[in-house]
Amino acid sequence: CQKLGEAEAMVDGGLDDILIPYNIVGKPKLARLVDLCRRARITVAVDSTDTVVGISHAADAAGIEIPLLVEMDTGSRRCGVQSPAAVTMMAQHIESSPGVAFAGVMTYPSRTSAHGFIDETVESLGSSGMDAHIISGGGTGSERASREIGCTETRSGSYAYEGMTRVGRSEDLTAERCALRMIVTIVSVPTPDRIIIDAGQKSFTSYPPTPYGHIIEQPAAKITGMSVEHGHVDTSECARHFYVGEHLSVIPLHQGMTSNLHDELVAVRGDEVEETWRIAGRGRVK
């Protein structure tokens, strides 16, 4: 889970071993982290002494110990310490701090080019008398790379839904493999080569590149633009006319952001609706 709110939802749902690969900063969040650690095993990632100090003080005051992973920047240029030597220094700081314990390292996404960085990190830690019991890789589709660079686990955030960002990247990643669909309705056919659907940015939270979604029934139709409430679809390559009131099934560009905008998920097997699930993590970004 990336956020405490998501982790809280998962613990409420019965999960008892969760990694939050995100820097947790500030007293209100630290208080919630402590409460969560009383209910489940929670491991947290850090990339600065400031973050370590905050978690250490909160955990020590509560009389608990929180396992920490040091995040490495192995090329993504997001969060993470910048060198194997910096990993060892951070690990030593964790080991000398109360209320926390060094549990290993993490990176995102897993790239084969990170092999040298990780090998050097493991060697540097070993020379200082420490072991990275967890080497956590990440990124849906990067599972093979995680194995190749020596990770002990991999975090596949999009695996349950896949999503349009994954369609076509290999022969295995077809539209059928993507489980999430947004059912939309055509509300306007202003020209013969353009239709408007009743789902825009507030339904999809789409971002470039286009097209913003894959339309199952008409793959030649392209969602080329989005207003707040409207989806703009180019139908110039389609060999049929479209009508107001028609329903279309769309694979969103990014399923995680789309599902975060909706209260319910309808579970369908074949042509039968089996269940309706509340999206417990919706909006839990605090």
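What about the sheet that holds strand β3 (residues 66-71)?
Strand order in this open sheet of six strands is β1-β2-β3-β4-β5-β6, and the pairing throughout is parallel. Edge positions in the sheet fall to β1 (17-20) and β6 (153-155), since each of these pairs with one other strand and no more. The mean inter-strand angle of the sheet, taken between neighbouring strand axes irrespective of direction, is 30 degrees. Helix-sheet contacts for helix α1 (residues 4-12) involve β1 and β2 (41-46), and the interaxial angle to β1 is about 170 degrees.

Brief notes about the pairing of β1
The sheet contact formed by β1 and β2 spans four bridges and is parallel. Bridging across to β2, aspartate 17 finds its partner in arginine 41. For the segment spanning β1, helix α2 (residues 27-37) and β2, crossover handedness is right-handed.

A few points about the environment of serine 56
Within the secondary structure, serine 56 is located in helix α3 (residues 49-62). Along the chain, serine 56 and serine 97 lie 41 residues apart, while their C-alpha atoms are 6.4 Å from each other. Once you skip the residues sitting within four places of it in the chain, serine 56 turns out to touch Ser97, Pro98, Gly99 and Val100.

Brief notes about the pairing of strand β8 (residues 194-197)
Alignment of strand β7 (residues 182-191) against β8, held across three bridges, turns out to be antiparallel. In the sheet register, serine 188 faces β8, and the bridge partner there is isoleucine 196. Remark: two residues form the turn of the hairpin made by β7 and β8, two consecutive strands paired antiparallel. Of the strand pairs in this sheet, β8 and strand β11 (residues 231-234) are connected by four bridges, and their pairing is antiparallel. Note that in β11 the partner of arginine 194 across the bridge is aspartate 234.

Things to note about the environment of aspartate 234
Here aspartate 234 shows up in strand β11. Taking the C-alpha atoms as reference points, aspartate 234 and alanine 221, separated by 13 residues in sequence, lie 5.7 Å from one another. Ignoring sequence-local partners within four residues, the contact set of aspartate 234 consists of Asp193, Ala220, Ala221, Lys222 and Thr224. A distance of 2.7 Å separates polar atoms of two side chains, one belonging to aspartate 234 and the other to serine 236.

So, the packing of α1 against α2
At a minimum axis separation of 11 Å, α1 and α2 run at an interaxial angle of 20 degrees. When the interaxial angle is binned, α1 and α2 end up roughly parallel. Pair α1 / α2 crosses with left-handed handedness. Residue-level contacts link Leu4, Gly5, Ala7, Glu8 and Val11 of α1 to Lys29, Arg32, Leu33 and Leu36 of α2. Residue composition of the contact of α1 with α2, by class: five nonpolar, one polar and three charged.

A closer look at the side chain of serine 259
With respect to the helices and strands, serine 259 occurs in helix α8 (residues 255-259). On the basis of relative accessible area, serine 259 is assigned to the buried category, the value being 13%.

Quick word on the pattern of salt bridges
Evaluation of the coordinates by the stated rule reveals eight salt bridges. Of the charged contacts in the structure, one is a salt bridge between arginine 284 and glutamate 8, with a shortest N-O distance of 3.5 Å. With arginine 284 in the segment after β14 (272-278) and glutamate 8 in helix α1, this residue pair connects regions lying 276 residues apart in the sequence. Accessibility expressed as a relative area gives 26% for arginine 284, which makes it partly exposed. For aspartate 12, the salt bridge goes to arginine 39, with nearest N and O atoms at 2.7 Å. On the criterion of sequence distance, the pair formed by aspartate 12 in helix α1 and arginine 39 in the loop between α2 and β2 is long-range, its members being 27 residues apart.

Conventions we followed
- Residues numbered from 1 in each chain as written.
- Predicted model: local features only at pLDDT ≥ 70, side-chain atom pairs only at ≥ 80, totals over all residues.
- Heavy atoms only, no water.
- Pairing = 2+ DSSP bridges.
- Helix = DSSP H or I, 4+ residues; strand = E, 2+ residues; numbered from the N terminus.
- Axes fitted to C-alpha atoms, helices over the stretch in contact; angles between N-to-C directions.
- Contact = heavy atoms within 4.5 Å.
- Right-handed = clockwise from strand over helix to strand, strands pointing away.
- Polar contact = N/O pair within 3.5 Å; in protein donor to acceptor, adjacent residues only side chain to side chain.
- Parallel < 35°, antiparallel > 145°, perpendicular 65-115°, else oblique.
- Left-handed = near helix turned anticlockwise from the far one by under 90°.
- Nonpolar A, V, L, I, M, F, W, Y, C, P; charged D, E, K, R; others polar.
- Buried < 20%, exposed > 50% of the residue type's maximum accessible area, 1.4 Å probe, protein only.
- Salt bridge = Lys/Arg side-chain N within 4 Å of Asp/Glu carboxyl O.

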